[in-house]
Amino acid sequence: MATIIKTPNDLKKINVVCGKAIKNACNRLLGSLQQIIDEEFYDVFEPDYYHRTYQFWRSAITKMLTKTCGQVFIDKSKMNYNSFWTGEKQLHAANIGSHGGWITDETKEHRFWEVFIDFCEENCIDILLEELRKQGLKIR
């Protein structure tokens with residue numbers, strides 16, 4: 001049976017439920033992004049000359065922009081390597097397969113952001129629908 005909205009309070013309740021579903025969907029997408037960073041970045045190269053700090057992995061975050069709008073992104077300000085290597089440089093390097101300046105034929109085939117965008121295009125709607133259903137909304 002469909003949900004009937006009769007009053008402004010009914011609409012507010014739907015907005016709260018949708019907000020929870022969107023937040024949960026963003027958290028699921030964040031987990032997927034972090035897994036993709038592991039698989040497409042960390043797992044394809046083992047450094048000999050530097051120690052990984054995993055700042056890049058931890059810079060993947062989610063944020064609610066409004067009560068019903070969220071985003072999943074890489075926050076370049078969360079990476080602090082040194083004055084030369086910035087978060088912005090790290091993002092660019094990671095997406096072309098560079099690891100601290102090292103690029104191999106294998107690493108340049110792994111572009112984490114493109115993989116994540118493809119994942120979102122294939123799964124984002126289904127994830128949101130699942131989360132809306134978990135909140136009790138009847139979705140066809």
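Residues numbered from 1 in each chain as written. Predicted model: local features only at pLDDT ≥ 70, side-chain atom pairs only at ≥ 80, totals over all residues. Heavy atoms only, no water.

### Describing the nonpolar core
- Residues L33, I37, F56, V72, I74, F112 and F116 are the most contacted members of the largest nonpolar core, which totals 21 residues.
- Counting residues per element, this core draws most heavily on helix 1 (residues 8–40), at 8 residues.
- Not counting chain neighbours up to four residues away, the residues in contact with V72 comprise C26, L29, L30, L33, I61, T62, W113 and F116. (Core = buried A, V, L, I, M, F, W, Y, C linked by side-chain atoms within 4.5 Å. Buried < 20%, exposed > 50% of the residue type's maximum accessible area, 1.4 Å probe, protein only. Helix = DSSP H or I, 4+ residues; strand = E, 2+ residues; numbered from the N terminus. Contact = heavy atoms within 4.5 Å.)

### Points about helix 4 (residues 112–134)
- Along its length, helix 4 shows its largest kink, about 50°, at N123.
- Among all positions of helix 4, only F112, F116, C120, I127, E131 and L132 are buried.
- At the exit of helix 4 stands G136, carrying a positive phi of roughly 95°. (Bend = angle between axes of the 7 residues up to and from the residue.)

### Some details on unusual backbone geometry
- One non-glycine residue, Y54, lies in positive phi territory at about 60°.
- As for its placement among the helices and strands, Y54 is situated in the loop between helix 1 and helix 2 (55–58).

### Points about helix 3 (residues 87–95)
- Burial in helix 3 covers these residues: G87, Q90, L91, A93, A94 and N95.
- Where helix 3 is buried, its residues meet helix 2, strand 2 (69–74) and helix 4.
- G97 occupies a position one or two residues after helix 3 and carries a positive phi of about 90°.

### Focus on the pairing of strand 2
- Of the pairings in the sheet, the one linking strand 1 (residues 60–66) to strand 2 comprises 6 bridges and is antiparallel in character. Bridge assignment links T66 to a residue of strand 2, and that residue is C69.
- Where strand 1 hands over to strand 2, the hairpin turn is made up of 2 residues, counted between the paired strands. (Pairing = 2+ DSSP bridges.)

This is a description of form; function is not addressed.
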